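Residue strings, one per chain:
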Amino acid sequence: MCGIVGVVGNEAAAPILLDGLSKLEYRGYDSAGIAVRNNNDEFTIVKAKGRLKDLQEKTNDGLAVPGTCGIGHTRWATHGEPSEINAHPHSTDDKNVVGVHNGIIENYQELREKLIKKGYSFYSQTDTEVVVKLVDYYYKKYNIGPIDAIAKTMVRVRGSYALVLMFKDFPGEIWVARKDSPMIIGTENGASYVASDVPAILKYTRNVYYIGNHEMGRLTKDGATFYNLDGEEIKKDLVEIKWDAEAAEKEGYEHFMIKEIHEQPRVVRETLNTHVKDGKIDFSEIGLTEEVINSVTGIYMVACGSAYHAGVVMQYVMESLARVPVRCELASEFRYRNPILDPNELIVIISQSGETADSLAALREAKTQGIKTLAIVNVVGSSIAREADYVLYTLAGPEIAVATTKAYSAQLIAGYLLSIEFGKLRGHLDDAKYTELIKELETIPDKITKILEDKERIQWFSNKLANSTDIFFIGRGIDYAICMEGSLKLKEISYIHSEAYAAGELKHGTISLIEKGIQVISVLTQTDLFEKTISNMVECKSRGAYSMGLTSYGNYSVEDSADFTVYIPKINPLFAASLAVVPLQLLSYYVSIERGLDVDKPRNLAKSVTVE
Ligand code: G6P
């Protein structure tokens, strides 16, 4: 987590750094800081605890910090509490080296002790201060340049880092190094930029370099040069980013989350249009051939958070359409449980950012065991995208709100397409069914639009939930998977305790918690399971629950057991998650607003979880 940004050019750096950090706040927001060099080559370091706006105020929106070369950081605390002293940038006492860092240095204690013995002292509890001082130590001890000092440090530290440094002796230059934490370098019109993620610099450039693991770089206003661990220069190609700069702005919406909820019809359409040509799924660019698809004996869907919930939906859909055994697992569990994998299995890693530490580690574990890997990823050029054997991109564009909405929706579409293609090629879907399913997918964007048109009803209902302490979501099959995502959305941004329960499991525990006034949201989109879930709703209602039903138009009997009913357009039940999730996203959003919370930046969370 944490967001880093740096710029060297002809313009004032501080406003660009603050603007970039505002796009990266989703990565962490307990404190922030910038370091800028003025015309006399002196460093000014300003830090503030709390949100970025505190730093903006403290620096008069950057105007109070002159200079054209600088670095910035927004923090999600790992080592040391959120405080001004622990905020980045960190520096040596003589300001010889100043740096920001995203990642975790695992052996920082040992290195700290070593440096103390060499005469260094530490003012913060961070691992970053240690790494900055270690670079300084090698730099001075061997009297070597920045690249050699950084390389020696990289060999000595264990863990992950995107490190951005400035050296007193090298004005107008920024030095970077990377292992496992995201970092991109942009360059355009006499300026170079570095950032954790594309939205931070999209306003300034679309031309970026992806810096690899164990690589370093030197940025000047004229461009960037890259080096390997041996200090040899390496060549990199510039990649053009296709995202619109506006995509990372709110465009009149009050929050990114509501904007992103409204973008779902477009995102779904674009993901479909990219992978469906003339009514047929086309995975030729992905390299996923018929031979590969037919050789697969089983699939693991591996992911974290909402991406895991998308995987749970895919598990049902894939097994139903392609009759391949699928197991969906949390990446953090998968990677450490020594999984028994068969060489003919396929590991599908699902990730919006493509940088989630556990998902990336699960991918690497699979590759080590020689298993084929396919990534469903949103961020082009991200670590997971680069390391997987096959990549199926979702076309969600930049997602800024911490709680995912449109990326989850795009992941579902990718999963449906994969399932249909597997079903077809493995002989479980005939041409007519194949065409019918694709046509059905194409109806999703308009149906989501229709749900969004009715959002005022959800907004009204959110008043009733705003003071709740516990909310239960129940459903069966895919409805259970939808409940998992609805419940997560609610707890993420409204801080209301909530649980998703397989409706059939209610009687094995949760029902003891149901008493007068407890809210229960039942999802009933699966025709086969409708009656069963209705019975569970009734069981809750007769114990005093206040009940909401979420079902498809036509299922009006839900109203007999619900205090409030939300309808979604009819759709093949296999694809119902794409519609049913939308009212639940809206509900969480409005409950959060009702409670006066920071919707886009919920406490303690970060969007891109690059630590374990
Ligand atoms: C965080 C985010 C979630 C996301 C999860 C996995 O917890 O807040 O929205 O689902 O990470 O992230 P990924 O980028 O791998 O999809």
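Computed from a predicted structure; not experimentally measured. (Residues numbered from 1 in each chain as written. Predicted model: local features only at pLDDT ≥ 70, side-chain atom pairs only at ≥ 80, totals over all residues. Heavy atoms only, no water.)

J.: Got a minute to help me understand the site of the ligand in this structure?
T.: Surrounding the ligand, one finds 14 residues, the nearest of these being Ser306, Ser351, Gln352, Ser353 and Thr356. In the model, an oxygen atom of the ligand is placed 2.6 Å from a nitrogen or oxygen of the serine 351 side chain. Separating an oxygen atom of the ligand from a backbone N or O atom of valine 402 is a distance of 3.3 Å. Protein chains bury 91% of the 390 Å² of accessible surface belonging to the ligand in isolation. One can see that the ligand is located within the second largest pocket. A per-element tally of the shell around the ligand places helix 9 (residues 305–322) first, with 3 residues. By residue class, the composition of the shell around the ligand is 5 nonpolar, 7 polar and 2 charged. (Near = heavy atom within 4 Å. Polar contact = N/O pair within 3.5 Å; in protein donor to acceptor, adjacent residues only side chain to side chain. Areas by Shrake-Rupley, 256 points an atom, 1.4 Å probe, with all protein chains shown as cover. 1 Å grid on protein atoms, 1.4 Å probe; cavity = no way out; pocket = protein on both sides within 12 Å on 5 of 7 lines; lining within 4 Å. Sits in = over half its atoms within 2 Å of the grid points. Helix = DSSP H or I, 4+ residues; strand = E, 2+ residues; numbered from the N terminus. Nonpolar A, V, L, I, M, F, W, Y, C, P; charged D, E, K, R; others polar.)

J.: Even after reading the chapter, I still don't get the packing of aromatic side chains, so can you show me in this structure?
T.: Aromatic ring pairs are reported here in terms of the distance separating the ring centres and the angle at which the planes meet. Considering all chains together, one arrives at 17 aromatic pairs under this definition. Here phenylalanine 167 and phenylalanine 170 contribute two aromatic rings whose centre-to-centre distance is 6.4 Å and whose plane-to-plane angle is 80 degrees, an arrangement assigned as edge-to-face. Note on tyrosine 193 and tyrosine 204: the rings are 5.4 Å apart at their centroids and 15 degrees apart in plane angle, and the pair reads as stacked. With tyrosine 193 in strand 10 (residues 191–195) and tyrosine 204 in the loop between strand 10 and strand 11 (207–210), this residue pair connects regions lying 11 residues apart in the sequence. By relative accessible area, which is 22% here, tyrosine 204 ends up partly exposed. Members of the aromatic cluster, each reached through a chain of ring pairs, are Tyr120, Tyr137, Tyr138 and Tyr142. The ring of phenylalanine 122 carries lysine 133 above its face, with NZ or CZ at 4.9 Å from the centroid. (Phe/Tyr/Trp six-rings, centres within 6.5 Å; stacked < 30°, edge-to-face > 60°. Buried < 20%, exposed > 50% of the residue type's maximum accessible area, 1.4 Å probe, protein only. Lys NZ or Arg CZ within 6 Å of the ring centre and 35° of its normal.)

J.: Can you help me understand the layout of surface pockets in this one?
T.: With a probe scaled to a water molecule rolled over the atoms, the places where space remains empty come into view. Estimated volume of the largest pocket: approximately 660 Å³. Lining the largest pocket are 32 residues, with Lys242, Trp243, Val380, Tyr393 and Leu395 sitting closest to its centre. Broken down by element, the residue count for the lining of the largest pocket peaks at 4 residues, all from helix 7 (residues 264–275). For the lining of the largest pocket, the residue count by class is 14 nonpolar, 6 polar and 12 charged. Taken together, domain 1 (3–247) and domain 2 (252–442) each give at least three residues to the lining of the largest pocket, which thus spans both. Space inside the second largest pocket adds up to approximately 510 Å³. Lining the second largest pocket are 29 residues, and of these Cys304, Gly305, Ser306, Lys607 and Val609 lie nearest its centre. (Points joined across faces, edges and corners; volume = space filled by probe spheres on them. Domains from an automatic or database assignment.)

J.: What is the right way to look at the sheet that holds strand 19 (residues 326–330) in this model?
T.: The pairing of strands in a sheet comes from backbone hydrogen bonds and takes either a parallel or an antiparallel form. Strand order across the open sheet formed by 5 strands is 19-18-20-21-22, with parallel pairing between neighbours. Each edge of the sheet is formed by a strand with only one pairing partner; in this case those strands are strand 19 and strand 22 (390–393). Neighbour-to-neighbour, the strand axes of this sheet turn through a mean angle of 20 degrees, independent of strand direction. In this structure, strand 20 (residues 345–351) lies alongside strand 21 (residues 372–377), joined through 6 bridges in parallel fashion. Paired with valine 348 across the two strands is leucine 374, which belongs to strand 21. In the packing of helix 9 onto the sheet, the strands contacted are strand 18 (298–303), strand 19, strand 20 and strand 21, and the crossing angle to strand 19 comes to about 175 degrees. (Pairing = 2+ DSSP bridges. Axes fitted to C-alpha atoms, helices over the stretch in contact; angles between N-to-C directions. Contact = heavy atoms within 4.5 Å.)

J.: Hey, could you run me through the side chain of threonine 404 in this one?
T.: Mapped onto the secondary structure, threonine 404 falls in the loop between strand 22 and helix 13 (406–425). With relative accessibility at 11%, the residue threonine 404 sits in the buried group. Sequence-distant contacts of threonine 404, that is, excluding residues within four places in its chain, are made with Ser306, Glu399, Glu485, Lys489 and Lys607.

J.: Got a minute to help me understand the side chain of serine 522 in this structure?
T.: With respect to the helices and strands, the residue serine 522 is situated in strand 25 (residues 519–524). In this structure, serine 522 is in contact with Ile474, Met537, Met548, Gly549 and Leu550, ignoring residues within four places of it in sequence.

J.: Sorry, what's going on with helix 15 (residues 444–453) here?
T.: Residues lying three or four places apart along an α-helix face the same way, a consequence of the helix completing one turn every 3.6 residues. Three or more residues of helix 15 are buried, namely Ile444, Pro445, Lys447, Ile448, Ile451 and Leu452. When helix 15 is viewed along its axis, its buried side chains cluster within an angular range of 165 degrees and face the same direction. Relative to its buried face, helix 15 has exposed residues pointing more than 90 degrees away, namely Asp446 and Glu453. (Arc of directions from axis to C-beta.)

J.: Got a minute to help me understand the domain arrangement of the protein chain in this structure?
T.: The parts lose accessible area when they come together, and the size of an interface is often stated as this lost area. As far as domains go, the protein chain holds domain 1 (3–247), domain 2 (252–442) and domain 3 (450–598). Averaged C-alpha coordinates put domain 1 and domain 3 at centres separated by 44 Å.

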